[in-house]
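# Analysis of the macromolecular model
What follows is the residue order along each chain.
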Amino acid sequence: MDRKQIIDYLETVFELEKMCYEQNCILARLKKRIRVLKNPQLNKKECNPCKPSLDLQFFTDFEQDCGGEEYVGLMIIPYIIILVIMSKNVYNDKELPFLSAIFPALGVLLSIWLALHFIYIIVQIVMHCNDVSNYKKKVNDIIRKNIDIEDENKRLKISCNNAANKLQREGNQIYAGLQETQKILNNYFDLNIIYPKYRNMSCVAAMLEYFKSGRCDTLEGHEGAYNILENDIKFGKIISQFNIVIQKLDAIKDNQYMLYDAINECNRSVNNVSNQIISSASRISNQIEQASKQTSQQLDSIAYTNEIAARNTYIIGQIEAYKLLTSEK
């Protein structure tokens, strides 16, 4: 093969590599979107508020500090003391006249104390009834809201499922094209024009750039593309691993401009095609019957896959010529 034939071959292989990369990226975008649609962010239902409780404690802090028995004891002790004092004096058997004034006063205090308890209980019961009424109203409002939320979630699930199904059909269409492109690329590689070690998009682009820039005229030999490529890899001028190229795309702009430009071109195409397909799936997702009955002829990827198929048909038609060239060796 002469220099021009090698350049034509490398250009064809590079074109196939670009097409495979582009279709793989589109499929990755669609798969990522399908995963999101299969697990949509549903609206959360509201929880019921805490049910109000009736609090009948009086002087709460004091009664909690004292135990129940201690509190009752504190109320009873003053009356026990009064009863003891009211008995006749143990020494002179005489009644204490001042008790006739103190005891009624203590009785009044006790009555006030009990009245306060009674009033407090009535107030607490009234407030509790009002809290219960408000609680029931809030619960009913939440039940109605949750029914609306559940209906909205059902609609969201149906919409997302429709969109996911459409994207799956689009992906199947593109995957079929990718398999055909990959098959043609493998057929070109099977001609054994390129050494297996250099059969990747990064190395093919570098060798094509060497030939087009006039740095070499052959693949093999001391001044051939393989030797130049190995030296560039050794001294860090070229990144041969394509996955690292994708991670450090800006770093290859100077030394691997052809590859840098091709990847950016593919990325723009990936964005345009995938965005169009995803947007179309979102628009049609709410139209249940249309989404479920859509045929492959209505897919948005048809135009793209037809273009890929046309390019594949043209490229595969050239392979026979390369087979003849390799058989002449």
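Residues numbered from 1 in each chain as written. Predicted model: local features only at pLDDT ≥ 70, side-chain atom pairs only at ≥ 80, totals over all residues. Heavy atoms only, no water.

## Side note on the overall build of the chain
How we decide: Segments assigned H or I by DSSP are reported as helices when at least four residues long, segments assigned E as strands when at least two residues long, and all are numbered from the N terminus. Burial classes: relative accessible area under 20% of the type maximum marks a residue as buried, over 50% as exposed, and values in between as partly exposed (1.4 Å probe, protein chains only). Residues are treated as being in contact if the distance between any of their heavy atoms lies within 4.5 Å. Here the open area of atoms and residues is found with the Shrake-Rupley method and a 1.4 Å probe, where only the protein chains shown may cover a residue.
Broken down by element type, the chain carries ten helices and zero strands. Mapped from its N terminus to its C terminus, the chain presents α and β elements in the order α-α-α-α-α-α-α-α-α-α. Within the chain, the proportion of its 329 residues that are buried is 33%. When contacts within the chain are restricted to residue pairs at least 6 apart in sequence, those whose partners lie at least 24 apart make up 77%. Total accessible area computed for the chain in this model is approximately 20,800 Å², and 55% of it derives from carbon and sulfur atoms.

## So, the packing of helix α1 (residues 3–38) against helix α5 (residues 201–213)
To keep it simple, the criterion reads: Every axis in this analysis is a line fitted to C-alpha atoms, fitted for helices over the stretch in contact. Angles between the N-to-C directions lie between 0 and 180 degrees. Handedness of a helix crossing follows the sense of rotation of the near helix relative to the far helix, less than a right angle counterclockwise being left-handed and clockwise being right-handed. Note on residue classes: Ala, Val, Leu, Ile, Met, Phe, Trp, Tyr, Cys and Pro are nonpolar, Asp, Glu, Lys and Arg are charged, and everything else, Gly too, is polar.
Taken N-terminus to C-terminus, the directions of α1 and α5 make an angle of 145°; their axes are 9 Å apart at the nearest point. Along this stretch, α1 crosses α5, giving a crossing that reads as left-handed. Between α1 and α5, the residues in contact are R3, I6, I7, L10, E11, V13, F14, E17, K18 and Y21 and M201, V204, A205, M207, L208, F211 and K212, respectively. For the contact of α1 with α5, the per-class residue count stands at twelve nonpolar, no polar and five charged.

## Looking at the packing of aromatic side chains
Quick note on the threshold: For Phe, Tyr and Trp, where Trp contributes only its six-membered ring, two rings pair if their centres lie within 6.5 Å, and the inter-plane angle classes them as stacked under 30 degrees, edge-to-face over 60, or tilted in between.
Taken as a whole and judged by the stated rule, the model has seven aromatic pairs. Among the aromatic residues, those joined into a cluster by ring pairs are Y9, Y188 and Y322.

## Details of the side chain of E22
This is how it is decided: His is not counted, nor are the chain ends, whereas Lys and Arg count as positive and Asp and Glu as negative. Salt bridges are defined as contacts in which a side-chain nitrogen from Lys or Arg sits within 4 Å of a carboxyl oxygen from Asp or Glu.
Its place among the elements puts E22 in helix α1. Although E22 is buried, it forms no salt bridge, and the closest oppositely charged side chain is R311 at an N-O distance of 5.0 Å.

## A word on the side chain of N153
If you trace the backbone, N153 turns up in helix α4 (residues 99–189). Residue N153 is classed as buried on the basis of its relative accessible area, which comes to 9%. Setting aside residues up to four positions removed in sequence, N153 forms contacts with L42 and N43.

## Looking at the nonpolar core
Applicable threshold: The set of buried Ala, Val, Leu, Ile, Met, Phe, Trp, Tyr and Cys residues whose side-chain atoms join them within 4.5 Å is what this entry labels a nonpolar core.
Y9, L10, Y188, I194 and M207 are the most contacted members of the largest nonpolar core, which totals 64 residues. Elements represented by at least two residues in this core include exactly α1, α4, α5, α6 (225–234), α8 (257–284) and α10 (302–327). Top contributing element to this core by residue count: α1, with 16 residues. Setting aside anything within four residues of it in sequence, one finds Y188 in contact with Y9, T12, V13, L16, I315, Q318, I319 and Y322.

## Quick word on the confidence of the model for the chain
Atomic detail in the predicted coordinates should be set aside for any region of low pLDDT. Our working definition: The pLDDT value expresses, per residue, how confident the predictor is, ranging between 0 and 100.
On average, residues of the chain carry a pLDDT of 82, and 77% of them reach 70 or more. In this model residues 59–64 is a low-confidence stretch, pLDDT under 50, and it forms ten contacts with partners more than four residues away in sequence or in other chains. Within the model, pLDDT remains below 50 along residues 88–93, and this stretch shows four contacts once partners closer than five positions in the same chain are excluded.

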